[in-house]
Every structure is written in structure tokens, then in C-alpha cells.
Amino acid sequence: DTAVSQTPKYLVTQMGNDKSIKCEQNLGHDTMYWYKQDSKKFLKIMFSYNNKELIINETVPNRFSPKSPDKAHLNLHINSLELGDSAVYFCASSQGLASGRRTREQYFGPGTRLTVT
Amino acid sequence: QQPVQSPQAVILREGEDAVINCSSSKALYSVHWYRQKHGEAPVFLMILLKGGEQKGHEKISASFNEKKQQSSLYLTASQLSYSGTYFCGTETLTGNQFYFGTGTSLTVIP
């Protein structure tokens, strides 16, 4: 069984479109994350979320919004896509904030390569 | 806020040793280490919580100097399978902020 899964694996779309990336974890974790990895390989945290708290990286444009239908899912919705949004997006999960633990090893999904043309 | 890693890149021959450093400007609660192979997701290696504590994972170990807000990852007798990009991740002492470091590309050649 895949611990953290993402769909789609590849996404090619045009500027101005709206798209979503889905993420699911079956580890029973209470915290999920979205990361953006650019061409220079920097891993930038975009959001961390549990059922009580959404923490947004202040540098993330408000065109990006996380949507969590339940504890095992955290989808990423992107409005009005721009060329600079092209990157690999990783979802991750951990035990964390909601369980009161501070140490939180993270388990990553396989990534979604987004290309905006 | 993003921790800085050094070196940015290193090339080793099989059997050689390497050290990767991670330095933060903020007081830290913990340091994590991850490895990402080309085209794959980052994979967790270890967490260090206490100052001066060393932890090991096969032939890979790490130390954490909380006074200096630094951590080092030690790879001994490197193998081809060690190739990849290594990231430290730091959790701040206050504010629960987590950031990945700038990354170190490690290539092991025969």
C-alpha cells in the first residue's frame, strides 16, 4: 500500500487555467503539508495543515489554496496559473501539531510535475 | 530563515568519507536529515533532538550542536547508493517553524 499518494504525476496546462492536485495518506497522520521544489531543487514549504490549524507560508500567493475534505486528504488548488508556478509539488504527512508532538518525520508523496506553458 | 548547507555539491569515490554541514540563524529544537534521489521524493533519514547528540543510520550518522545551531551529517565508506541530494530540515525552538536547507548534491563514482 502506498503511504502517501498524489495525482496526477504530471500536469501540463496553459497560463490562466485553474488546476488541482490531490493528495491522500493512509498512515493515520494528523498533519499534512505541501511543498514546492523549483528547478534549483529548493524545497519550499507552502502549507502545513491539521484539523485544527492551517499554517500558510506568507510568501505563497493567494492563488494557491489547500482544501482538506478529511484528515487523510489535502488537495492543492491553484487559480490563474502562471509560468513561474512550473515546479514539482510534493505532498507530505507526519504526526505533528494535533497530537502534541513536535518531532515530526515527514513522509513524502511521489510528487506532481507541473508545467505551465 | 532557510538553513544553509555546505558544501553545495561534492563528488566522492566509493569508499571515501564526506561531511555535510547545516547551519541555522535561529535557535533550534530539532534537526532532520533527508535524502532525495534523482526524480524521487525526499526520504527521511534521522532526527536529532538534543545538543551534542549523535545518531546513526547504517554508515550515516549525524551530530547536532544546539549552541551553534549547527548539524553535520557524516557519510563513511560511501557507496554508489548514497548518491543524491541531502537536505537538512530545522525546527525552530519557538514558533514551530520548519524549513528545509539549501541542499547538498552528493555524487559517488566508482
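Preceding this paragraph is the structure being described.
Our subject in this report is the structure included herewith. Being a predicted model, the structure only gives us computed values, none of them experimental.

About the criteria used
- Residues numbered from 1 in each chain as written.
- Chains lettered and ligands numbered in written order.
- Predicted model: local features only at pLDDT ≥ 70, side-chain atom pairs only at ≥ 80, totals over all residues.
- Heavy atoms only, no water.
- Helix = DSSP H or I, 4+ residues; strand = E, 2+ residues; numbered from the N terminus.
- Rg over C-alpha atoms; globule rule 2.2 N^0.38 Å.
- Pairing = 2+ DSSP bridges.
- Disulfide = S-S within 2.5 Å.
- Salt bridge = Lys/Arg side-chain N within 4 Å of Asp/Glu carboxyl O.
- Buried < 20%, exposed > 50% of the residue type's maximum accessible area, 1.4 Å probe, protein only.
- Phe/Tyr/Trp six-rings, centres within 6.5 Å; stacked < 30°, edge-to-face > 60°.
- 1 Å grid on protein atoms, 1.4 Å probe; cavity = no way out; pocket = protein on both sides within 12 Å on 5 of 7 lines; lining within 4 Å.
- Points joined across faces, edges and corners; volume = space filled by probe spheres on them.
- Nonpolar A, V, L, I, M, F, W, Y, C, P; charged D, E, K, R; others polar.

### Details of the overall build of chain B
Each helix and strand in chain B was counted, giving 0 helices and 11 strands. Helices (α) and strands (β) of chain B occur, in sequence order from the N terminus, as β-β-β-β-β-β-β-β-β-β-β. By the compact-globule yardstick of 13 Å for 110 residues, chain B fits well, its C-alpha radius of gyration being 13 Å. Reported as C-alpha extents along the three principal axes, the dimensions of chain B are approximately 45 × 25 × 20 Å.

### Digging into the pairing of strand β3 (residues 19-25) of chain A
All names here are of chain A. Judged from the 4 bridges that link them, strand β1 (residues 4-7) and β3 form a sheet pairing that is antiparallel. Residue pairing across strands places Thr7 opposite Lys22, the latter belonging to β3. Summarising the sheet, β3 and strand β8 (residues 73-78) pair through 4 bridges and their orientation is antiparallel. Opposite Glu24, over in β8, you have His73 as the bridge partner.

### Topic: the state of the cysteines
Scanning the entire structure with this criterion turns up 2 disulfides over all chains. Cys23 of chain A shares a disulfide with Cys91 of chain A; S-S distance 1.8 Å. Between Cys23 of chain A and Cys91 of chain A the disulfide shows an S-S torsion of about -70°. By sign, it is left-handed. Placement of Cys23 of chain A in strand β3 and of Cys91 of chain A in strand β9 (residues 87-94) is noted, with a sequence separation of 68 residues between them. Put simply, Cys22 of chain B and Cys88 of chain B are joined by a disulfide, and their sulfur atoms are 2.1 Å apart. Across the S-S bond of Cys22 of chain B and Cys88 of chain B the torsion is about 70°, and the bridge reads as right-handed. Pair noted here: Cys22 of chain B is in strand β3 (residues 18-23) and Cys88 of chain B is in strand β9 (residues 84-92), with a separation of 66 residues, a long-range link.

### Describing the pattern of salt bridges
All names here are of chain A. As enumerated under the stated definition, the model contains 2 salt bridges over all chains in all. Of the charged contacts in the structure, one is a salt bridge between Arg63 and Glu82, with a shortest N-O distance of 3.5 Å. Of this pair, Arg63 sits in the loop between β6 (54-56) and β7 (64-70) while Glu82 sits in the loop between β8 and β9, and the two are 19 residues apart along the sequence. Under the relative-accessibility criterion, Arg63 is labelled buried at 13%. For Glu82, a relative accessible area of 41% translates into the label partly exposed. Arg63 is the partner of Asp85 in a salt bridge, and the nearest nitrogen-oxygen pair spans 2.8 Å. Taken together, the residues span a long stretch of sequence, with Asp85 in the loop between β8 and β9 and Arg63 in the loop between β6 and β7 at a distance of 22 residues. Each of the two residues, Asp85 as well as Arg63, counts as buried.

### Looking at the packing of aromatic side chains
Going through the model one piece at a time under the given rule, you end up with 11 aromatic pairs over all chains. Look at Tyr34 of chain B and Phe44 of chain B: their rings are 5.6 Å apart centre to centre, the planes differ by 70°, and that puts the pair in the edge-to-face class. Here Phe44 of chain B lies in strand β5 (residues 42-48) and Tyr34 of chain B lies in strand β4 (residues 28-36), a separation of 10 residues in the sequence. By way of ring pairs, the aromatic residues Tyr33, Tyr35, Phe90 and Phe108 of chain A together with Tyr34, Phe44, Phe87, Phe98 and Phe100 of chain B are connected into one cluster.

### Digging into the pairing of β7 of chain A
Here β7 of chain A runs beside β8 of chain A; their pairing, made up of 5 bridges, is antiparallel. Bridge pairing in β8 of chain A links Asp70 of chain A to His73 of chain A.

### Details of the layout of surface pockets
The calculated volume of the largest pocket comes to roughly 640 Å³. For the largest pocket, the lining is made up of 30 residues, of which Lys44, Ile45 and Asn57 of chain A together with Phe98 and Tyr99 of chain B are closest to its centre. If you list the elements that add at least two residues to the lining of the largest pocket, you get β4 (31-37), β5 (43-49) and β6 of chain A together with β10 (98-100) of chain B. Take the lining of the largest pocket: its biggest share by element is 6 residues, from β5 of chain A. Among the residues forming the lining of the largest pocket, the class breakdown is 15 nonpolar, 8 polar and 7 charged.

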